[in-house]
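Summary of the model geometry
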Amino acid sequence: MATKHDLILSHIESLPVGDRISVRGIAKDLSVSEGTAYRAIKDAENIGLVSTIQRVGTIRIERKLKKHIERLTFSEVVQITEADVLGGASGLDKDLNKFVIGAMQVSAMERYVTPGSLMIVGNRVNAQKLALEDGAAVLITGGFDTVPEIAELADQLSLPVLRTTYDTFTVATMINRALSDQLIKKDILLVSDIYMSLEKTRYLTIAATVADYNRIAEETKHSRFPVVNKNMRVVGIVTAKDILGKSETQSIERMMTKEPRVVKKEMSVASVSHQMIWDGLEVMPVVADDLTLIGIVTRQDIMKAMQLVQRQPQVSDTISDQISGQIQMSENQSIDGRFEEPTFRFSVSPQMVDEMGTISFGVLSEVIAHAAKQTMKVNQRKNVWIEQVSTHYFRLIQLESEFVLKTRILELGRRSAKIDMEVYIENSLVAKAMVVCQLMERP
């Protein structure tokens, strides 16, 4: 039976985004005490259902959810396999580290069953009991039930016993995919992973003077600082250029850049990198929904993070990795010893084609993007961020074709580069592409 707390959360979740919420209003509408309403609203704020904004109040916001499983728990297995919980519900938050298919004799299973594992099995009560006694949860396939003894043991040990209508093969495939996704090390980096928190951030208030700026600039050896009002809301940013030649008694508020670019913790490092590199920004304030300052992120932090993402190893491959893993690169060397742009070879395999039997547009775009990055890395020793790709087909690229991709750097600036790509099959030009990319500075 749902508690009052759960009912309040469900009610809040059903409200349209933007609706104002108050303790008194919730208490009156749902006939609960104001204390119960207050605790539920705070819980709703913690899980991202509502946000409190100064001078506005508490409002319903769009829930911010991660698009990937950060850790695979038995609760996630319930969602993945559409399972029912037959016992041990208190253990649903425990982590799953591997699964075992119970298709052998019980005596032979013991060596494979370890604490934290999941036994996938049919209606074999002895195998279910063995799993629970050895610290493993149980997933019963085929829609079979279990006996009361097993459900009671699961409750005692806080180890879930689940039931799904899917067969063993389908369930194993589902869970294996989820485990594989969890093992991909190249997660999307967010600003929250790298930003400097408020405790370590130096900032100025609108009441500050040039003398105050000079003092903290001398202390920190930095030259850019966010400016906040009395409510800690970001209202500007001030740099050394802004105060150059100004009297020490002058107000920072008169010289700062108003309404500066800001970022939020939920934004990806890649998107922030795009803004900072393209607009030449060295520092961006990190703010809450109501523009309250919670820290800063610097271009150096962004560059270090992007370099780390490109270098780190992976336990499991993404689709991008599977495509790039099939690209062969060869460096061309001219007669005078200079290295020219490299060439790339790629064979079109069955999983890379569309319904017409020709190379998928997404696959070709991925090959082109990879070639552009490698070209800049080899020739200019720079990492890049792909800004734009324009592709033109002259001939369809069929299944099992092998094509050669030739690259040529057309323009090279301080912040961006333009690369010409030509795709050949048996010395015939079949496609061209133009790639515009941003150069990433080395930290």
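Criteria and thresholds
Residues numbered from 1 in each chain as written. Predicted model: local features only at pLDDT ≥ 70, side-chain atom pairs only at ≥ 80, totals over all residues. Heavy atoms only, no water. Buried < 20%, exposed > 50% of the residue type's maximum accessible area, 1.4 Å probe, protein only. Helix = DSSP H or I, 4+ residues; strand = E, 2+ residues; numbered from the N terminus. Pairing = 2+ DSSP bridges. Axes fitted to C-alpha atoms, helices over the stretch in contact; angles between N-to-C directions. Parallel < 35°, antiparallel > 145°, perpendicular 65-115°, else oblique. Left-handed = near helix turned anticlockwise from the far one by under 90°. Contact = heavy atoms within 4.5 Å. Nonpolar A, V, L, I, M, F, W, Y, C, P; charged D, E, K, R; others polar. Phe/Tyr/Trp six-rings, centres within 6.5 Å; stacked < 30°, edge-to-face > 60°. Lys NZ or Arg CZ within 6 Å of the ring centre and 35° of its normal. Arc of directions from axis to C-beta. Polar contact = N/O pair within 3.5 Å; in protein donor to acceptor, adjacent residues only side chain to side chain. Core = buried A, V, L, I, M, F, W, Y, C linked by side-chain atoms within 4.5 Å.

A look at the pairing of strand 14 (residues 283–287)
Counting buried positions along strand 14 gives five out of five residues, so the element sits mostly inside the fold. Residues Val 283, Pro 285 and Val 287 line one face of strand 14 and the alternating positions Met 284 and Val 286 line the opposite face, and both faces are buried. Sheet topology places strand 14 next to strand 15 (residues 293–298); five bridges connect them, and they run antiparallel. Bridging from a neighbouring strand, Val 283 pairs with Thr 298 of strand 15. Between the end of strand 14 and the start of strand 15, which pair antiparallel, lie five residues, with Leu 291 showing a positive phi angle near 70 degrees.

Remarks on the sheet that holds strand 4 (residues 84–87)
Spatial ordering of the open sheet is given by 4-8-7-6-5, a layout of five strands whose pairing is mixed. Lying at the two open borders of the sheet, with one neighbouring strand each, are strand 4 and strand 5 (98–101). Geometrically, the sheet is characterised by an average inter-axis angle of 25 degrees between neighbouring strands, direction not taken into account. Where strand 4 and strand 8 (residues 161–163) come together, three bridges link them in antiparallel fashion. Directly across from Gly 87, in strand 8, lies its bridge partner Val 161.

Side note on the packing of helix 1 (residues 4–14) against helix 3 (residues 34–46)
Running from N to C, helix 1 and helix 3 cross one another at 55 degrees; their axes reach a closest spacing of 9 Å. It follows that helix 1 is oblique to helix 3 by the angle criterion. Where helix 1 crosses over helix 3, the two elements pack in a sense that is right-handed. Contact with helix 1, carried on its side by Lys 4, His 5, Ile 8, Leu 9 and Ile 12, involves Thr 36, Ala 37, Arg 39, Ala 40, Ile 41, Asp 43 and Ala 44 of helix 3 and no other residues of that element. Classifying every residue of the contact of helix 1 with helix 3 gives seven nonpolar, two polar and three charged.

Quick word on the sheet that holds strand 9 (residues 196–197)
A sheet is described by the order of its strands in space; here three strands give the open sequence 9-15-14, paired in antiparallel fashion. On the outer flanks of this sheet lie strand 9 and strand 14, each paired with one strand and no other. Here helix 13 (residues 269–279) sits on the sheet and contacts strand 14 and strand 15; the angle it forms with strand 14, its principal contact strand, is near 145 degrees.

Regarding the packing of aromatic side chains
Using the criterion set out here, one finds two aromatic pairs in the structure. On the basis of an interplanar angle of 40 degrees and a centroid distance of 5.6 Å, the ring pair of Phe 346 and Phe 403 is categorised as tilted. One end of the pair, Phe 346, is in strand 17 (residues 343–347); the other, Phe 403, is in strand 19 (residues 402–412), and 57 residues separate them in sequence. Accessibility expressed as a relative area gives 1% for Phe 403, which makes it buried. Over the aromatic face of Tyr 424 sits the side chain of Lys 406, whose NZ or CZ is 4.8 Å from the ring centroid.

With respect to helix 13
All buried positions along helix 13 are accounted for by Val 269, Ala 270, Val 272, Ser 273, Met 276 and Ile 277. Along the axis of helix 13, the buried residues cluster in a sector spanning 155 degrees; they form a single face. Phi for Gly 280, located one or two positions after helix 13, is positive at around 65 degrees.

A word on the environment of Thr 205
Within the fold, Thr 205 resides in strand 10 (residues 204–205). For Thr 205 and Pro 226, which are 21 residues apart along the polypeptide, the C-alpha to C-alpha distance reads 8.4 Å. Apart from the residues within four sequence positions on either side, Thr 205 is in contact with Val 227 and Val 228.

Comments concerning helix 10 (residues 210–220)
Val 210, Tyr 213, Ile 216, Ala 217 and Thr 220 are the residues of helix 10 that are buried. Projected down its long axis, helix 10 shows its buried positions confined to an angular sector of 130 degrees, all on one face. On its buried side, helix 10 packs onto strand 10, strand 11 (224–228), strand 12 (234–239), helix 11 (240–243) and helix 12 (252–255). A positive backbone phi angle near 65 degrees is found at Lys 221, which sits one or two residues after helix 10.

Concerning the side chain of Asp 420
Structurally, the position occupied by Asp 420 is in strand 20 (residues 416–425). Look at Asp 420 and you get buried, because its relative accessible area is 4%. Side-chain polar atoms of Asp 420 contact the side chain of Lys 432, separated by 3.2 Å. Beyond its immediate stretch of four places on either side in the chain, Asp 420 contacts Lys 406, Thr 407, Arg 408, Leu 410, Lys 432, Ala 433 and Met 434.

A word on the environment of Arg 124
By secondary structure assignment, the location of Arg 124 is in the loop between strand 6 (117–121) and helix 6 (125–133). What makes Arg 124 partly exposed here is its relative accessible area of 24%. In sequence terms Arg 124 and Thr 146 are 22 residues apart; their C-alpha atoms lie 8.6 Å from each other. If we ignore the near neighbours within four places in the chain, the residues touching Arg 124 are Gly 102, Ala 103, Met 104, Gln 105, Val 106 and Met 109.

Some words on the environment of Gln 374
On the secondary structure map, Gln 374 appears in helix 16 (residues 361–380). A C-alpha to C-alpha distance of 10.0 Å links Gln 374 and Thr 343, two positions 31 residues apart in sequence. Setting aside chain neighbours within four positions, we find Gln 374 in contact with Met 329 and Phe 344.

As for the nonpolar core
Within the largest apolar cluster, 30 residues are counted, with the highest numbers of intra-cluster contacts made by Phe 346, Ile 359, Val 367, Ile 397, Phe 403, Leu 405 and Met 421. Of all the secondary structure elements, the ones that give two or more residues to this core are strand 17, helix 16, strand 19, strand 20 and strand 21 (428–440). Looking at this core element by element, the count peaks at seven residues for helix 16. Excluding anything up to four places from it in sequence, Ile 359 contacts Phe 346, Val 348, Met 352, Val 353, Asp 354, Leu 364, Tyr 393, Ile 397 and Phe 403.

On their own, these measurements won't tell you what the molecule is for.
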